[in-house]
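Analysis of the macromolecular model
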Amino acid sequence: SITVEVDLGKLISSSDVTSRVAVNTTAVLQCRLCSVPGFSFSWKKQDGQLPSLRAKQRGCTLVISNVTLGDTGNYTCLARAQAGTTLKENVPLLVTAPPRVTSTFPDVVTVRSGGRVQLQCDGVGPPSPHVYWTKGSQRVRNDRNETLKLQNASSLVAGRYRCHAVNYLGHEVRETEIVLARLHFVHRPPSRINAAASQTISANCSANVAKGLPLRHTRWSFALDAKNQHACGIKPKTFSVFSNGTLVISEAAKWDNGVYTCSAEFSGEVITATTQISVGVDTSWMLTTDSCEGFRQSTYYSSVYYAVSSSGTWDKSKYYYCPNGYHWACTEEGRKIFKNNANKSGTYVYYSQCGWSEYTYRGVYRVRFRFRDSATTNAYKHAGNYDEYRLNYDSSTSSFAGVVCIRD
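A short tour of the structure in this document, coming up. The shown structure was predicted, so the numbers you read here are calculated from the model rather than taken from an experiment. (Residues numbered from 1 in each chain as written. Predicted model: local features only at pLDDT ≥ 70, side-chain atom pairs only at ≥ 80, totals over all residues. Heavy atoms only, no water.)

1. Focus on the overall build of the chain
- On a plain count of helices and strands, the chain comes out with three helices and 35 strands.
- The C-alpha atoms of the chain give 46 Å as radius of gyration, which overshoots the globular expectation for 408 residues (22 Å, by more than 25%).
- Considering only C-alpha atoms, the chain reaches an extent of 150 × 45 × 30 Å along its principal axes.
- The buried share among the 408 residues of the chain stands at 42%.
- The long-range share in the chain, meaning contacts at least 24 apart out of those at least 6 apart in sequence, stands at 67%.
- Summing over all exposed atoms, the chain offers an accessible surface of approximately 21,200 Å²; the carbon and sulfur share of this is 47%.
- Between the averaged position of the 46 positive side-chain charges in the chain and that of its 30 negative side-chain charges there is a distance of 3 Å. (Helix = DSSP H or I, 4+ residues; strand = E, 2+ residues; numbered from the N terminus. Rg over C-alpha atoms; globule rule 2.2 N^0.38 Å. Buried < 20%, exposed > 50% of the residue type's maximum accessible area, 1.4 Å probe, protein only. Contact = heavy atoms within 4.5 Å. Areas by Shrake-Rupley, 256 points an atom, 1.4 Å probe, with all protein chains shown as cover. Lys, Arg positive; Asp, Glu negative; His and termini not counted. Charge placed at Lys NZ, Arg CZ, Asp CG, Glu CD.)

2. Points about the packing of aromatic side chains
- All chains considered together, the criterion is met by 18 aromatic pairs.
- Arranged with centres 5.1 Å apart and planes meeting at 85°, the rings of Phe295 and Tyr326 form a pair that is edge-to-face. Here Phe295, found in strand E27 (residues 295-297), pairs with Tyr326, found in strand E29 (residues 326-328); they are 31 residues apart in sequence, far enough to count as distant. Side by side, Phe295 and Tyr326 carry an identical accessibility label, which is buried.
- With centroids separated by 6.1 Å and ring planes inclined at 35°, the aromatic side chains of Tyr300 and Phe338 adopt a geometry described as tilted. (Phe/Tyr/Trp six-rings, centres within 6.5 Å; stacked < 30°, edge-to-face > 60°.)

3. Some thoughts on the nonpolar core
- Residues Ile201, Ile277, Val403 and Cys405 are the most contacted members of the largest nonpolar core, which totals 39 residues.
- Sorting the residues of this core by element identifies strand E19 (192-195), strand E20 (201-203), strand E24 (247-249), strand E25 (258-266), strand E26 (269-279), strand E28 (304-308), E29 and strand E35 (400-407) as the ones contributing at least two each.
- With residues near it in sequence (within four places) discarded, Val403 still touches Trp285, Tyr305, Tyr306, Ala307, Tyr320, Cys322, Trp328, Phe369 and Arg370.
- Formed by 22 residues, the second largest nonpolar core is a distinct cluster that contains Tyr306, Ile337, Ala379 and Ile406. (Core = buried A, V, L, I, M, F, W, Y, C linked by side-chain atoms within 4.5 Å.)

4. Regarding the pattern of salt bridges
- If you walk through the whole model with that rule in mind, you get nine salt bridges.
- In this structure, Glu175 and Arg162 form a salt bridge, with 2.7 Å as the shortest nitrogen-oxygen distance. Here the residue Glu175 occupies a position in strand E17 (residues 170-180), and Arg162 occupies one in strand E16 (residues 159-167), the gap between them amounting to 13 residues.
- We note a salt bridge from Asp394 to Arg370, for which the minimum N-O separation is 2.8 Å. Of this pair, Asp394 sits in the loop between strand E34 (392-393) and E35 while Arg370 is found in strand E32 (residues 368-370), placing the two residues 24 residues apart along the sequence.
- Several salt bridges share partner residues, and in doing so they unite Arg160, Arg162, Glu175 and Glu177 into one network. (Salt bridge = Lys/Arg side-chain N within 4 Å of Asp/Glu carboxyl O.)

5. Structural notes on the state of the cysteines
- Counted according to the given criterion, the structure contains six disulfides.
- Cys31 shares a disulfide with Cys77; S-S distance 1.5 Å. One end of the pair, Cys31, is in the loop between strand E3 (27-30) and strand E4 (39-45); the other, Cys77, is in strand E7 (residues 73-81), and 46 residues separate them in sequence. Side by side, Cys31 and Cys77 carry an identical accessibility label, which is buried.
- One disulfide in the model links Cys322 with Cys405; its S-S distance is 2.1 Å. Taking the sign of the S-S torsion, about -90° here, the bridge from Cys322 to Cys405 comes out left-handed. With Cys322 in the loop between E28 and E29 and Cys405 in strand E35, this residue pair connects regions lying 83 residues apart in the sequence. Across this residue pair, the class does not change: Cys322 and Cys405 are buried. (Disulfide = S-S within 2.5 Å.)

Laid out in structure tokens, this is it:
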């Protein structure tokens, strides 16, 4: 027998229209020779394979269920007669889908004042969607609908923008927010912190230029309280700053008093915030029951006071706080004040003063009034010397009388 293959499209005037079906629906493709008896039918896909699990042939009809975008293409219907003649017909299929926005851009776009923003928005179908931008309810006019161009950024430019992709099957939107960069504090430290001695102090300070961005690095600096700047200096500052900008002072002491400044910088702009820290004093170590309330003023130098300890043992590692308005004197201050080498006249430092029986008060024997750096210098004022007499020196921790204080 002789087989003759005839392109049906050349024998029949082509008036067919591409079959269009939405994604995930069922496509039904049919030959135009279905009504002609004596033919058997088969289907194939040009440049591809039929989806075997989803494609079913029912006579001259091909049914494809749950179509995907990959099912788009040209399908061929082959009609074979018993005489050996084969006719074929091309049946185009287009699977359509709601649009998708394929561009990626940040949720937040930060721009400096006077800067420029350009964002591209692309969408796919099929059919190809119409793409455009809006801000609020207003359409953004651009030379090209899919490109958002903003020049000379200002507060008027800032806001939420939407990229739209639209076809007859649907509408997809992707949003971004354009914010104007402005350095500001996210966490501003308190203007004043009052703390007790030995307390842990913390103050959080963090800054940013726009939401969605990492916090800016902040720095802390310290201006010493002028009241702490006396002759022998102060204990070196030991504060910590964590990565989140938190200032931490462990075991706060009187010398931590002062103004702390937090600063942040961005592109030459600097912002600052200050915190005044005031640390109270702990005078619970003092004896206050003698007739001078344990705080006798020097008759030789009116700014000097002798603070009495309730314990007769000196703890070299301890800081003994003077009452508010006074600081614990250091050896150098004492040397400058008490220069007299003649121990012959005047009033005793504390010997038989304020209700003491010579060196004893309430059963405790007290001799040595120590200075803040006595653990190093061994200096002390002897309770039994005259007030104006020079300093004495030894390292004994016994017969501790208290400390020498000076009015701020």
